[in-house]
Amino acid sequence: MSQYFQEKEATHQSGTNPHIASKRMLDDQAASSFMQQVYLTMLIGLGLTGISAWYVGTSPELLGFFYTGILRWIVMLAPLGLVIYLSARFHKMSFNGASTAFAIYSVVNGISLAFIFAIFTTGAIWKVFLITAGTYGAMALLGLLTNIDLSKMGSILYMALIGLIIASVVNFFMQSEPFDYIISGIGILIFCGLTAYDNQKLMRIGTQVDPDSEGAKKLAVMGALTLYLDFINLFLFLLRFFGGGDD
């Protein structure tokens, strides 16, 4: 947003064609409207996840139901399956279909995250949530306001993310606490970077679409899913890094 105002100021001072400045204004308005849709959808998803995680996580009966036998694996793997489904079927879905699928995913993911209430104290969870919100907000603003192109950084971060996943699988069998601590620290850095990158990428997409069109609304849902995943993963890595401090 500030980049547009800087460009507008430079345009005015250099006497550039006013039609160019007008186009930039329209692009900026479209991007702003698009990002509002993205953030609103993301916040709804986070709200559904938080409510379902808290509801299940604070009920010993529900925790016992969802985390017993084969249902435990279904609950743990269902979010991944839904993400794959959303990604594969996105182009064939209507806006309402994509929105419904995202809402269902948010609730199911909340149930899969309910276990954190059995491992960490409520105080630790709230503390890390606030740290996550502040960190995420700062990195999102960085991505939106910086004049630096983060495209190349995004490619590097996604390669680092693949390495992180492999390291996490290895440590699943090793059960090394120091290694887990290192993985958590690296994960925090990766998702801080991805938050900035994804926000900048979505802002640019917003300048190229009509925010009122069906296609743009569907893109906003997928954009919300991307930012949602950045937030959730950042929260989980921060929880592993700092969450053990409150007993």
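Just so you know, the residues in each chain are numbered from 1, in the order the chain's sequence is written. Two thresholds apply to this predicted model, a pLDDT of at least 70 for residue-level local features and 80 or more for giving and counting side-chain atom pairs, whereas whole-chain, interface and lining totals are computed over all residues. The side-chain quantities take in all heavy atoms of the structure and omit both hydrogens and water.

Caption draft 1: Examining the confidence of the model for the protein more closely. Values of pLDDT, which run from 0 to 100, indicate the predictor's confidence residue by residue. Averaged over every residue, the pLDDT of the protein is 86; the share at 70 or more is 87%. Note on contacts: a residue pair qualifies if any of its non-hydrogen atoms lie within 4.5 Å across the two residues. Note on residues 1–16: pLDDT is under 50 here. Beyond four places in sequence and across chains, it has 18 contacts. In the model, residues 18–22 has pLDDT below 50 throughout and makes two contacts with residues more than four positions away in sequence or in other chains.

Caption draft 2: Molecular detail of the side chain of T146. Within the fold, T146 resides in the loop between α7 (122–145) and α8 (151–174). Throughout this description, buried means an accessible area under 20% of the type-specific maximum (1.4 Å probe, protein chains only), exposed means over 50%, and partly exposed covers the range between. For T146, a relative accessible area of 14% translates into the label buried. Looking at T146, its side chain comes within polar contact range of the main-chain nitrogen of I148, at 3.1 Å. Only DSSP runs of H or I reaching four residues or more are called helices, and only runs of E reaching two or more are called strands; each is numbered from the N terminus. Whenever two N or O atoms come within 3.5 Å, that pair is a polar contact, provided that in protein one can donate a hydrogen and the other can accept it, and provided that, for residues adjacent in sequence, both atoms are side-chain atoms.

Caption draft 3: Looking closely at the environment of N199. With respect to the helices, strands and loops of the structure, N199 is situated in helix α9 (residues 177–206). Linking N199 and L142, residues 57 residues apart in sequence, is a C-alpha distance of 8.7 Å. Residues contacting N199, with those up to four places away along its chain left out, are M35, Y39, Y136, A140, L144 and L227.

Caption draft 4: Broad picture of the packing of aromatic side chains. What counts as a ring pair is set by centres within 6.5 Å for rings of Phe, Tyr and Trp (its six-membered ring), and what kind of pair is set by the plane angle: stacked under 30 degrees, edge-to-face over 60, tilted for all other angles. One pass over the full model with this rule turns up eleven aromatic pairs. Where F65 meets F66, the ring centres are 5.1 Å apart and the plane angle is 75 degrees; that geometry is what we call edge-to-face. Relative accessible area serves as the criterion here: at 17%, F66 is assigned to the buried category. Put simply, the rings of W126, F129, Y136 and F231 touch in pairs and so form one group of aromatic residues. Above the plane of the ring of W73 lies R72, whose end atom (NZ or CZ) is 5.9 Å from the centre. In this structure, K217 is placed above the aromatic ring of F95, and the distance from its NZ or CZ to the ring centre is 5.9 Å. The criterion for a charge sitting over a ring is simple: Lys NZ or Arg CZ within 6 Å of the ring centre, and within 35 degrees of the ring normal.

Caption draft 5: Summary view of the packing of α8 against α9. Only the stretch in contact is used when a helix axis is fitted, and all axes are lines through C-alpha atoms; the angle between N-to-C directions ranges over 0 to 180 degrees. Across the interface, α8 lies against α9 with an axial gap of 9 Å and an inter-helix angle of 150 degrees. Taken together, the axis directions place α8 and α9 in an arrangement best described as roughly antiparallel. The two elements α8 and α9 cross, and the hand of that crossing is left-handed. In this classification, the charged set is Asp, Glu, Lys and Arg, the nonpolar set is Ala, Val, Leu, Ile, Met, Phe, Trp, Tyr, Cys and Pro, and all remaining amino acids, among them Gly, are polar. A per-class count over the contact of α8 with α9 returns 15 nonpolar, seven polar and four charged. Here roughly perpendicular refers to angles of 65 to 115 degrees, roughly parallel to angles under 35, roughly antiparallel to angles over 145, and oblique to all remaining angles. Crossings are classed by handedness, with left-handed meaning an anticlockwise turn of the near helix from the far one by less than a right angle and right-handed meaning a clockwise turn.

Caption draft 6: Summary view of α8. Multiply 1.5 Å by the residue count of a helix minus one, and that product is the helix's expected span. Here α8 is 24 residues long and its end C-alpha atoms lie 35 Å apart, about the 34 Å a rise of 1.5 Å per residue gives. Of the surrounding secondary structure, the elements contacted by the buried residues of α8 are α9 and α10 (214–242).

Caption draft 7: The arrangement of α9 in detail. Compared with the 44 Å implied by 1.5 Å per residue over 30 residues, the 42 Å span of α9 between its first and last C-alpha is a close match. Looking at where α9 begins, the residue whose side-chain oxygen comes 3.3 Å from the main-chain nitrogen of F179 is S176.

Caption draft 8: Layout of a nonpolar patch on the surface. Nonpolar side chains (Val, Leu, Ile, Met, Phe, Trp, Tyr) within 5 Å and like charges within 9 Å form the patches, drawn only from residues with over 30% relative accessible area and no salt bridge. Here the Shrake-Rupley method, with its probe set to 1.4 Å, supplies the accessible areas, and only the displayed protein chains count as covering residues. Just to be clear on terms, a salt bridge is a Lys or Arg side-chain nitrogen sitting within 4 Å of an Asp or Glu carboxyl oxygen. On the surface, I162, I166, V170 and M174 cluster together into a nonpolar patch covering about 380 Å² of accessible area. You can see I166 is positioned in helix α8.

Caption draft 9: Broad picture of the pattern of salt bridges. A complete count under the given rule lists three salt bridges for this structure. Residues D198 and K201 are paired through a salt bridge, measuring 3.5 Å at the closest nitrogen-oxygen approach. Here K201 and D198 lie together in helix α9, a separation of three residues that amounts to about one turn. The class of D198 is buried, set by a relative accessible area of 1%. Overall, the relative accessible area of 31% leaves K201 in the partly exposed class.

Caption draft 10: A look at the nonpolar core. As used in this record, nonpolar core signifies buried Ala, Val, Leu, Ile, Met, Phe, Trp, Tyr and Cys residues forming a set joined through side-chain atoms within 4.5 Å. Counting residues in hydrophobic clusters, the biggest one holds 56 residues, and the most contacted among them are M42 and Y228. For this core, the secondary structure elements donating two or more residues are α2 (18–57), α4 (70–89), α5 (95–112), α6 (116–119), α7, α8, α9 and α10. Top element by residues in this core is α10. It accounts for 15 residues. Aside from chain neighbours lying at most four places away, what touches M42 is Y136, A224, L227, Y228 and F231. Counting seven residues, the second-largest nonpolar core is a separate cluster that includes L63, V75, I111 and A114.

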